[in-house]
Amino acid sequence: MGDPARKAELFAAVAQTGKALAHGKRLELLDLLAQGERSVDALARAAGLGLTTASAHLQALKRAGLVTTRREGVRIHYRLAGDDVAALYALLQRVARAHRAAAGAARAAYLGPDDTDCLTREELLERVRSGTATVIDVRPPEEYAAGHIPGALSVPLDELEARLASLPAEGEIIAYCRGTNCVLSHDAARLLAAHGRRAARLVDGMLEWRLADLPVEAGTALS
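Reading guide: rules and limits
- Residues numbered from 1 in each chain as written.
- Predicted model: local features only at pLDDT ≥ 70, side-chain atom pairs only at ≥ 80, totals over all residues.
- Heavy atoms only, no water.
- Helix = DSSP H or I, 4+ residues; strand = E, 2+ residues; numbered from the N terminus.
- Buried < 20%, exposed > 50% of the residue type's maximum accessible area, 1.4 Å probe, protein only.
- Contact = heavy atoms within 4.5 Å.
- Areas by Shrake-Rupley, 256 points an atom, 1.4 Å probe, with all protein chains shown as cover.
- Core = buried A, V, L, I, M, F, W, Y, C linked by side-chain atoms within 4.5 Å.
- Pairing = 2+ DSSP bridges.
- Salt bridge = Lys/Arg side-chain N within 4 Å of Asp/Glu carboxyl O.
- Patch = residues over 30% accessible without salt bridge, like charges linked within 9 Å, V, L, I, M, F, W, Y side chains within 5 Å.
- Polar contact = N/O pair within 3.5 Å; in protein donor to acceptor, adjacent residues only side chain to side chain.
- Axes fitted to C-alpha atoms, helices over the stretch in contact; angles between N-to-C directions.

### Remarks on the overall build of the chain
Secondary structure summary: the chain contains eleven helices and eight strands in total. C-alpha atoms of the chain, sized along the principal axes, occupy 70 × 45 × 30 Å. Counting the 223 residues in the chain, one finds 39% classified as buried. For the chain, the proportion of contacts with a sequence separation of at least 24, taken over those separated by at least 6, is 68%. Accessible surface computed for the chain: about 12,200 Å², of which carbon and sulfur atoms make up 55%.

Laid out in structure tokens, this is it:
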């Protein structure tokens, strides 16, 4: 029947992974790292954390084996330990929305009203193939550089209004961002519609795109 003490140790070891995930800011850090490798100071800024606090959360994730590090001089860079970590994070979001009403309500409050058109990944690919849509990546430039949908233009949300004139006047503009909990594409679609543009957003984002094993390009945007 097995050794009860060793069985308890087994389940306790697995529970350490769950414990590492049991903090909202750690999940936010995983959300950022799902977009690509980042330094500690960049993660702290993006997550609105002090450097010491960010480092402590990252160390907890590292002890659980969820992230790995790379040193470049005096700077430490973090990345997810594997695609399975990204898949675990995405699954955790889906389970929370499906089984906790509070999670769905909090998401709706953050993303705002359901007032924008959205497309699936398959619909986006079809419209790109047909040449009827322009795809814009509204994440920060460093996330675009780490990996983006092939052919997408880098137009960070805070630059979108100023760059409207550079986008095609005809056809649809499809915005995407980090993932299903990312508000950037929602705001981009609203801004485009307010300026009379035909706009839609990808229903999820780059996290789910990667997990679906769809093509990804890396490299900075052309100036």
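### With respect to unusual backbone geometry
Most peptide bonds take the trans form, and the phi angle of most residues other than glycine is negative. One non-glycine residue with positive phi stands out, namely D213, at about 60°. By secondary structure assignment, the location of D213 is in the segment after α11 (206-211). When its relative accessible area of 69% is taken as the criterion, D213 is described as exposed.

### Some points on the nonpolar core
Nonpolar side chains in soluble globular proteins tend to be buried together. Within the largest apolar cluster, 24 residues are counted, with the highest numbers of intra-cluster contacts made by L58, L61 and L80. For L61, the contacting residues outside a window of four places in its chain are A20, R26, L29, L30, L66 and V67. Counting 15 residues, the second-largest nonpolar core is a separate cluster that includes V155, I173, L184 and A188.

### Looking at the sheet that holds strand β5 (residues 133-137)
Judged by pairing direction, the sheet is parallel, and its five strands sit side by side in the order β4-β8-β7-β5-β6 without closing on themselves. Single-partner strands in this sheet number two, and they are β4 (118-119) and β6 (153-154). Summarising the sheet, β5 and β6 pair through two bridges and their orientation is parallel. For D137, the partnering residue across the bridge sits in β6 and is S154.

### Thoughts on the pattern of salt bridges
Using the criterion set out here, one finds 15 salt bridges in the structure. Two residues, R201 and D114, come together in a salt bridge whose shortest N-O distance is 4.0 Å. Of the two residues, R201 is situated in strand β8 (residues 199-205) and D114 in the loop between α6 (101-111) and β4; the sequence distance between them amounts to 87 residues. Judged by its relative accessible area of 70%, D114 falls in the exposed class. In this structure, R190 engages D115 in a salt bridge whose closest nitrogen and oxygen atoms are separated by 2.9 Å.

### Concerning a nonpolar patch on the surface
There is a patch of nonpolar side chains on the surface, built from L10, F11 and V14 and spanning about 330 Å² of accessible area. Position of V14 relative to the elements: it lies in helix α1 (residues 4-21).

### So, the environment of E161
With respect to the element layout, E161 can be found in the loop between α9 (157-160) and β7 (172-177). Among residues more than four places away in sequence, those in contact with E161 are L191 and H195. Within the local environment of E161, its side chain forms a polar contact with the side chain of H195, the two groups lying 3.2 Å apart.

### Here we look at the sheet that holds strand β2 (residues 67-72)
Judged by pairing direction, the sheet is antiparallel, and its three strands sit side by side in the order β1-β3-β2 without closing on themselves. Every interior strand has two partners, whereas the edge strands, β1 (38-39) and β2, have only one. Where β1 meets strand β3 (residues 75-80), two bridges bridge the pair, whose relative direction is antiparallel. By the bridge assignment for β3, S39 is matched with H77. Its contacts with the sheet place helix α4 (residues 51-63) against β2 and β3, and it is angled at close to 120° to β2.

### Structural notes on the side chain of Q35
Along the chain, Q35 falls in the loop between α2 (24-33) and β1. For Q35, the residues in contact, after removing those within four places along its chain, are R139, E143, A146, R178, M206, L207 and R210.

### Observations regarding the pairing of β8
Across a regular strand the side chains alternate sides, sitting on one face of the sheet and then on the other. Counting buried positions over the seven residues of β8 gives six, a clear majority of the element. Where β4 lies against β8, two bridges are found, and the strand directions are parallel. Bridge assignment links C118 to a residue of β8, and that residue is R201. The sheet contact formed by β7 and β8 spans four bridges and is parallel. Within β8, the position partnered with C177 by the bridge is G205.

Keep in mind that these numbers describe shape and distance, not what the molecule does.
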